[in-house]
Amino acid sequence: MTLIRSEIIGWGHYLPEKVLTNDDLAKIVDTNDEWISTRTGIKTRHVVANELTSDMAYAASKMAIDRAGLTAEDIELIVVASVTPDNTTPSVATKLANRLGVKVGTPAYDILAACSGFVYALTQADNMIRLGQIKTALVIGAESLSKIVDWTDRNTCVLFGDGAGAVVLRAGEGKGDKSDKGILATKLYADGSHYDHLKTSGGVCSTQNAGFVSMDGKEVFKYAIGSLTQAAETVVEMAGYTNADIDWLIPHQANIRIISNVGEKLGLPAEKVIVSVDHHGNTSAASIPLAFSENMESGKIKKGDLVVFSAMGAGFTWGGAAVRL
Ligand code: UT7
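Note that the coordinates shown come from a computational prediction; the quantities given were computed from them, not determined experimentally.

Conventions we followed
Residues numbered from 1 in each chain as written. Predicted model: local features only at pLDDT ≥ 70, side-chain atom pairs only at ≥ 80, totals over all residues. Heavy atoms only, no water. Helix = DSSP H or I, 4+ residues; strand = E, 2+ residues; numbered from the N terminus. Rg over C-alpha atoms; globule rule 2.2 N^0.38 Å. Buried < 20%, exposed > 50% of the residue type's maximum accessible area, 1.4 Å probe, protein only. 1 Å grid on protein atoms, 1.4 Å probe; cavity = no way out; pocket = protein on both sides within 12 Å on 5 of 7 lines; lining within 4 Å. Points joined across faces, edges and corners; volume = space filled by probe spheres on them. Nonpolar A, V, L, I, M, F, W, Y, C, P; charged D, E, K, R; others polar. Polar contact = N/O pair within 3.5 Å; in protein donor to acceptor, adjacent residues only side chain to side chain. Arc of directions from axis to C-beta. Contact = heavy atoms within 4.5 Å. Core = buried A, V, L, I, M, F, W, Y, C linked by side-chain atoms within 4.5 Å. Near = heavy atom within 4 Å. Areas by Shrake-Rupley, 256 points an atom, 1.4 Å probe, with all protein chains shown as cover. Pairing = 2+ DSSP bridges. Axes fitted to C-alpha atoms, helices over the stretch in contact; angles between N-to-C directions.

Hey, could you run me through the overall build of the chain in this one?
Helix and strand counts for the chain come out as ten helices and 13 strands. The C-alpha atoms of the chain give a radius of gyration of 18 Å, which matches the 20 Å a tight globule of 325 residues would have. Principal axes of the C-alpha set define a box for the chain whose edges measure 60 × 45 × 40 Å. Relative to its 325 residues, the chain shows a buried fraction of 56%.

Explanation requested: the layout of surface pockets in the structure shown.
Picture a little ball the size of a water molecule; that probe, rolled over the atoms, points out where space is still empty. Space inside the largest pocket adds up to approximately 1100 Å³. Surrounding the largest pocket, 39 residues form its lining, Val 83, Thr 84, Leu 112, Ile 148 and Thr 200 being those nearest its centre. Every element with two or more residues in the lining of the largest pocket is listed here: strand E5 (108-111) and strand E9 (198-200). Among the elements that take part in the lining of the largest pocket, E9 stands out by supplying three residues, more than any other. Its residues assigned to classes, the lining of the largest pocket comprises 20 nonpolar, 14 polar and five charged.

Explanation requested: the environment of Asn 32 in the structure shown.
In this structure, Asn 32 sits in the loop between helix H1 (22-26) and helix H2 (33-40). Along the backbone, Asn 32 and Asn 22 are ten residues apart, and their C-alpha atoms lie at a distance of 6.5 Å. Reaching out from Asn 32, the side chain makes a polar contact with the backbone nitrogen of Trp 35 at a distance of 2.7 Å.

Explanation requested: helix H8 (residues 256-265) in the structure shown.
In an α-helix, one turn spans 3.6 residues, which is why side chains three or four residues apart end up on the same side. Taken together, the buried positions of H8 are Ile 258, Ile 259, Val 262 and Gly 263. Here the buried residues of H8 occupy an arc of 130 degrees about the axis, which is enough to place them on one side. Among the exposed residues of H8, those pointing more than 90 degrees away from its buried face are Glu 264 and Lys 265. As for H8, its buried residues are in contact with helix H7 (217-238), strand E11 (248-251) and helix H9 (277-280). Where H8 begins, the side chain of Asn 255 points an oxygen toward the backbone nitrogen of Arg 257, at a separation of 2.8 Å.

How do you make sense of the nonpolar core when you look at a structure like this?
Soluble globular proteins: nonpolar side chains tend toward being buried together. Judged by nonpolar contacts, the single largest core of 43 residues is most densely connected at Leu 249, Val 262, Val 308 and Met 312. Every element with two or more residues in this core is listed here: strand E8 (182-190), H7, H8, strand E12 (306-313) and strand E13 (317-324). If near-sequence neighbours (up to four positions away) are discounted, Leu 249 is found in contact with Ala 232, Val 262, Leu 266, Leu 268, Lys 272, Val 273, Ile 274, Val 308 and Ser 310. Among the nonpolar cores identified, the runner-up in size contains 35 residues, and Ile 183, Ile 250, Ala 285 and Phe 292 belong to it.

For this particular structure, what's the right way to read the site of the ligand?
Taken together, 23 residues lie around the ligand, and Thr 31, Arg 39, Lys 218, Asn 255 and Asn 282 are the ones closest in. Between a nitrogen atom of the ligand and a side-chain N or O atom of Thr 31, the distance comes to 2.6 Å. Arg 39 places a side-chain nitrogen or oxygen 2.6 Å from an oxygen atom of the ligand. Look at the ligand: alone it shows 960 Å² of surface, and the protein chains cover 74% of it. At the level of secondary structure, the elements contributing two or more residues to the shell around the ligand comprise H2, helix H6 (154-157), H7 and H8. Top contributing element to the shell around the ligand by residue count: H7, with four residues.

Before we go on, may I ask you to explain the sheet that holds strand E1 (residues 3-14) in this structure?
Each strand in a sheet pairs with another by means of backbone hydrogen bonds, the pair being arranged parallel or else antiparallel. Read across the open sheet, the five strands follow the order E1-E7-E6-E4-E5; overall the sheet is mixed. Strands with a single pairing partner mark the edges of an open sheet, and in this sheet they are E1 and E5. For this sheet, the mean inter-axis angle between neighbouring strands, taken without regard to orientation, is 20 degrees. Note that strand E4 (residues 78-81) and strand E6 (residues 136-144) share four bridges and pair parallel. Residue pairing in the sheet places Val 79 in a bridge with Val 139 of E6. The strands touched by helix H3 (residues 53-67) are E1, E6 and strand E7 (162-174); relative to E1, the strand with the most contacts, the crossing angle is about 125 degrees. Helix H10 (residues 287-297) rests against E1, E6 and E7 of the sheet, and its axis sits at about 85 degrees to E1.

Can you walk me through the pairing of E7 in this structure?
Where a strand is regular, its side chains alternate between the two sheet faces. Of all 13 residues making up E7, ten are buried, and the element is well covered by its neighbours. The pairing of E1 with E7 spans eleven bridges and is classified as antiparallel. Each residue of the ladder has a partner; that of Arg 5, found in E7, is Gly 172. Two elements, E6 and E7, share nine bridges in a ladder whose sense is antiparallel. Bridge assignment links Glu 143 to a residue of E7, and that residue is Gly 163.

Looking at this structure, I do not really get the environment of Thr 89. What am I missing?
Secondary-structure assignment places Thr 89 in the loop between E4 and helix H4 (92-100). Under the relative-accessibility criterion, Thr 89 is labelled exposed at 62%. As for Thr 89 and Val 213, which are separated by 124 residues in sequence, their C-alpha atoms are 20 Å apart.

Spatial relationships are all this shows, so hold off on functional conclusions.
The following block contains the structure:
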């Protein structure tokens, strides 16, 4: 049996130059390094100065296309996951398409699935490749969360960061067995009964402004552990593997306590769980591709490794992907 498999052939990321430390935040709100470090694991986060979300998406995309050894002309689909687009409409993806110089007519759109956005976008692009509609896709998570954070609210402003990550997917061939490379399984979930637990205080229709992030932290925390574990376990099983086969788990980076808990529930040693929340904070849809690209560049994650992405965010939404590199 021959199957089409979407292989990850390029990766890229971008972080704004400006870094905010916990001590910097202690000058703005009533907080301290000890609380932020022990409750969240975050030490520093990057925040935009003059960059827009599309600028970060562009830089991450250029790097990913370069690593793939392709040119923008080869890209047949662009999907951007973001909750912080430059404009309410049109999409970041169309702006990016024009700036990258992809062929006119190449489909490009944004999706909104909050912190699960990258996994949602990856799943859509993978499905189009496996259907034979396209051969090459660019998938990006890009966020300027510092623009929707209330900088007077210590409950939220210490948690988030800005950045972008991107991957290039290309159709390859598999046999449907353990020799296959590429995206082996994906699974998406949502439960809208949790709509109010993590949301912005405004929006186009309700308040005519973007609003600020507000969160019932404890509720999200509990749900995150269960849903991130479920998504990872499900895709590993769908791919025909067990948790013991996982080389790297890249969970959404929101809180080190959530990340460690999920790793333990999956029976993984801490060394197999990728952590970037310490220097990125929570970058929502950018968190997984950012962590992935950084660790591909450093050589920690290698070709041949079995990598599992697992994400959870506002909605609630959650989902996972199992990938053999
Ligand atoms: O991206 C989607 C996924 N998002 C998440 O997964 C986030 C999930 N939630 C969390 O990570 C945690 O719930 C938080 C990090 C947001 C909060 O941690 P917590 O252990 O649940 O703390 P808490 O909200 O229960 O607050 C404990 C105390 C409170 O004081 P009192 O009421 O006990 O006197 C807060 O006012 O800590 C206080 N507090 C702070 N203190 C110093 C809250 N934020 C801060 C702060 N600095 N920045």
